[in-house]
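# Remarks on the overall topology
Read off the chains here:
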Amino acid sequence: KKRMDRTERESTDESSDETEYVVEKVIDKRYGKNKRIEYLLKWRGYGQEENTWEPLENLDCKDLINEYESRHGAKSQTKRRRNLKSTGEEEDDDIDNNCMAMIEKKYSPELVIGMTDYGGQLAYLVKWEGSSYATLMSSKLARFECPNLLIDFYEKRASWSQLTPPPEQHGMEKED
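The paragraphs below set out a description of the structure included in this document. (Residues numbered from 1 in each chain as written. Predicted model: local features only at pLDDT ≥ 70, side-chain atom pairs only at ≥ 80, totals over all residues. Heavy atoms only, no water.)

### Here we look at the overall build of the chain
Basically, it comes down to this: Put simply, DSSP marks the helices as runs of H or I at least four residues long and the strands as runs of E at least two long, and each gets a number from the N terminus on. Accessibility here uses a 1.4 Å probe with only protein chains present; expressed as a share of the type maximum, an area under 20% marks a residue as buried, one over 50% as exposed, and anything in between as partly exposed. We call two residues in contact when some of their heavy atoms are within 4.5 Å. Throughout, the Shrake-Rupley method with a 1.4 Å probe supplies accessible areas, and for residues the shown protein chains are the sole cover considered.
Secondary structure assignment for the chain yields 5 helices and 7 strands. Counted from the first residue to the last, the chain has its helices and strands arranged as β-α-β-β-β-α-α-β-β-β-α-α. Residues classed as buried in the chain amount to 31% of the 176 residues present. Sequence-distant contacts, at least 24 apart, represent 40% of the contacts inside the chain between residues at least 6 apart. Per element, the accessible surface of the chain, about 12,500 Å² overall, is 47% carbon and sulfur.

Right, here's the structure in full:
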């Protein structure tokens, strides 16, 4: 099956025996297996019961995807920020703007490189998967977006020392 956008269909040879599926509208978006982006598509000439989730890499309807993203992209970022703000301070917005942009571009945090004090708040330096780019991320956003990476970061830096208990605690004291 080949799925085509509306401009491609017009230029296709009608004598082709391959069935053409034309995307009418992008309805929704989700993250499928391995955090792959998938879109719910409405197919031209088919009912809503025939809508399907398709991975981004299989699609050739950029204009419809851009239209969907322009309508919904800003809403999802605003909603995500609103959820984060309701749980704490708003000062984190400054450093999290770059992080939210990376997340909206579908990058995932890959590694916590370090941590620092940023305006009195704890912030992490985060490297993004598939990019050489790293940004500061507030601790609040990091706990929300990449809690396992924070655990890995701290586990690698945990140092354990063997303390010898004081001599009186080695054994029980003699009673007279």
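So, next bit.
### A look at the sheet that holds strand 7 (residues 134-138)
Keep this limit in mind: Whether two strands pair comes down to DSSP finding at least two bridges between them. For helices, the fitted line uses only the C-alpha atoms of the stretch in contact; every axis is such a line through C-alpha atoms, and the angle between N-to-C directions lies from 0 to 180 degrees.
Spatially, the 3 strands line up as an open sheet ordered 5-6-7, and their pairing is antiparallel. Edge positions in the sheet fall to strand 5 (109-118) and strand 7, since each of these pairs with one other strand and no more. Shown here is a sheet whose adjacent strand axes are inclined to one another by a mean of 30°, direction ignored. Note: strand 5 against strand 6 (residues 121-128), 8 bridges, orientation antiparallel.

### A few points about the environment of Pro-109
With respect to the secondary-structure elements, Pro-109 resides in strand 5. C-alpha separation for the pair Pro-109 and Leu-149, spaced 40 residues apart in sequence, amounts to 8.1 Å. Those residues in contact with Pro-109 that lie beyond four places of it in its chain are Val-126, Lys-127, Trp-128, Met-137, Cys-146 and Leu-149.

### With respect to the packing of aromatic side chains
The condition is simple: Only the six-membered ring of Trp is used, alongside the rings of Phe and Tyr, when aromatic pairs are assigned; centres must lie within 6.5 Å, and planes under 30 degrees apart are stacked while those over 60 apart are edge-to-face, with the rest tilted.
Scanning all chains against the criterion turns up 6 aromatic pairs. Taken together, a centroid distance of 6.1 Å and an interplanar angle of 70° make the contact between Tyr-21 and Trp-43 edge-to-face. Here the residue Tyr-21 occupies a position in strand 2 (residues 20-31), and Trp-43 occupies one in strand 3 (residues 37-43), the gap between them amounting to 22 residues. The same class applies to Tyr-21 as to Trp-43, namely buried. Ring plane angle 80° and centroid distance 5.3 Å describe the contact between Phe-153 and Tyr-154, whose orientation is recorded as edge-to-face. Residue classification places Tyr-154 among the partly exposed residues on the basis of a relative accessible area of 37%. What links up through ring pairs into an aromatic cluster is the set Tyr-21, Trp-43 and Tyr-46.

### Description of the environment of Glu-67
Residue placement: Glu-67 occurs in helix 2 (residues 62-85). With 41 residues separating them along the chain, Glu-67 and Val-26 place their C-alpha atoms 8.3 Å apart.

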